[in-house]
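Summary of the model geometry
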Amino acid sequence: MMDTKKSPSPIDRHIGARIRARRTLIGMSQEKLGEALGLTFQQVQKYEKGTNRVGSGRLQEIGDILGVQVTYFFEGQDGERKTKEGSPIVQEIEEFLSQKDSIELLSAFNAISNADMRRALINMARASAGLEKGDGIAAPLNGRGHSPRRAYARNS
């Protein structure tokens, strides 16, 4: 007998990831989104994983709750456009904010009032990732420990 269970389509996973990214960005829990939609948080989880498909009316409702247009959920999808809009730093920020621990990391960092401690954490993160500041965007280090870009702004 043939297996009738379907796996999530790429577009369902993409829309789910965009729902999760926006919800996380504004600091809303799955429970709160579920309450606003009249659903359980488990149903929201299924939408975010792409396990359950989001209907057009429900997607409009989610967009209204999260404060975005429906088109937001389709941005960056394969086949939409090959080039993403926005600067590279904006794209990096959007990707960062879609990761699970990003909001927690940002909140903790913003709670640090000591400027020297904040700078030390930035330097530690850069060194851990093998990155160096260059023109406002982290650039990978070459084998000699220098950015491939020769000119970069230093904060002294």
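Residues numbered from 1 in each chain as written. Predicted model: local features only at pLDDT ≥ 70, side-chain atom pairs only at ≥ 80, totals over all residues. Heavy atoms only, no water.

Here we take up the packing of aromatic side chains. Evaluation of the coordinates by the stated rule reveals 1 aromatic pair. Taking 5.4 Å as the distance between ring centres and 80 degrees as the angle between the ring planes, the aromatic pair formed by Y72 and F73 counts as edge-to-face. On the basis of relative accessible area, Y72 is assigned to the buried category, the value being 15%. On the basis of relative accessible area, F73 is assigned to the buried category, the value being 0%. (Phe/Tyr/Trp six-rings, centres within 6.5 Å; stacked < 30°, edge-to-face > 60°. Buried < 20%, exposed > 50% of the residue type's maximum accessible area, 1.4 Å probe, protein only.)

Moving on: helix α7 (residues 115-129). Compared with the 21 Å implied by 1.5 Å per residue over 15 residues, the 21 Å span of α7 between its first and last C-alpha is a close match. Two or three places before D116, at the start of α7, stands the capping residue N114, its side-chain oxygen 2.8 Å from that residue's backbone nitrogen. Downstream of α7 by a residue or two, G130 has a phi angle that is positive, lying close to 70 degrees. (Helix = DSSP H or I, 4+ residues; strand = E, 2+ residues; numbered from the N terminus. Expected span 1.5 Å × (residues − 1). Polar contact = N/O pair within 3.5 Å; in protein donor to acceptor, adjacent residues only side chain to side chain.)

The subject of this paragraph is the packing of helix α2 (residues 30-37) against helix α3 (residues 41-49). Here α2 crosses α3 at 105 degrees, and the two axes come no closer than 8 Å. Judged by the inter-axis angle, α2 sits roughly perpendicular to α3. Residues Q30, E31, L33 and G34 of α2 form the contact with α3, whose own contacting residues are F41, V44, Q45 and E48. A class-by-class count of the residues in the contact of α2 with α3 yields 3 nonpolar, 3 polar and 2 charged. (Axes fitted to C-alpha atoms, helices over the stretch in contact; angles between N-to-C directions. Parallel < 35°, antiparallel > 145°, perpendicular 65-115°, else oblique. Contact = heavy atoms within 4.5 Å. Nonpolar A, V, L, I, M, F, W, Y, C, P; charged D, E, K, R; others polar.)

If you look at the biggest cluster of nonpolar residues, it comprises 14 residues, and the most contacted ones within it are I19, L33, V54, L59, I62, L66 and F73. Breaking this core down by element, the ones donating at least two residues are α1 (10-25), α2, α3 and α4 (56-66). Among all residues touching F73, those that are not within four sequence positions of it are H14, I15, R18, I19, L59, I62, G63, L66 and V68. (Core = buried A, V, L, I, M, F, W, Y, C linked by side-chain atoms within 4.5 Å.)

This part is about the side chain of S9. Locating S9 in the fold gives a position in the segment before α1. Given the relative accessible area of 18%, S9 is considered buried. A distance of 3.0 Å separates the side chain of S9 from the side chain of D12, its partner in a polar contact.

This brings us to the confidence of the model for the protein. Predicted coordinates in areas of low pLDDT are best not read in detail. Put simply, the protein has an average pLDDT of 77, and 71% of its residues get 70 or more. Here residues 135-156 is a poorly scored stretch, pLDDT under 50, and it has 40 contacts once near neighbours within four places are set aside; other chains count. (pLDDT = per-residue confidence, 0-100.)

Two packed helices can be described by the angle between their axes and the distance between those axes. For the pair α2 and α4, the least separation of the axes is 10 Å and the interaxial angle reads 120 degrees. As judged from the angle between their axes, α2 and α4 are oblique. The hand of the α2/α4 crossing is right-handed. When α2 is examined against α4, the residues L33, A36 and L37 are found in contact with a partner set consisting of R58, E61, I62, I65 and L66. Its residues assigned to classes, the contact of α2 with α4 comprises 6 nonpolar, no polar and 2 charged. (Left-handed = near helix turned anticlockwise from the far one by under 90°.)

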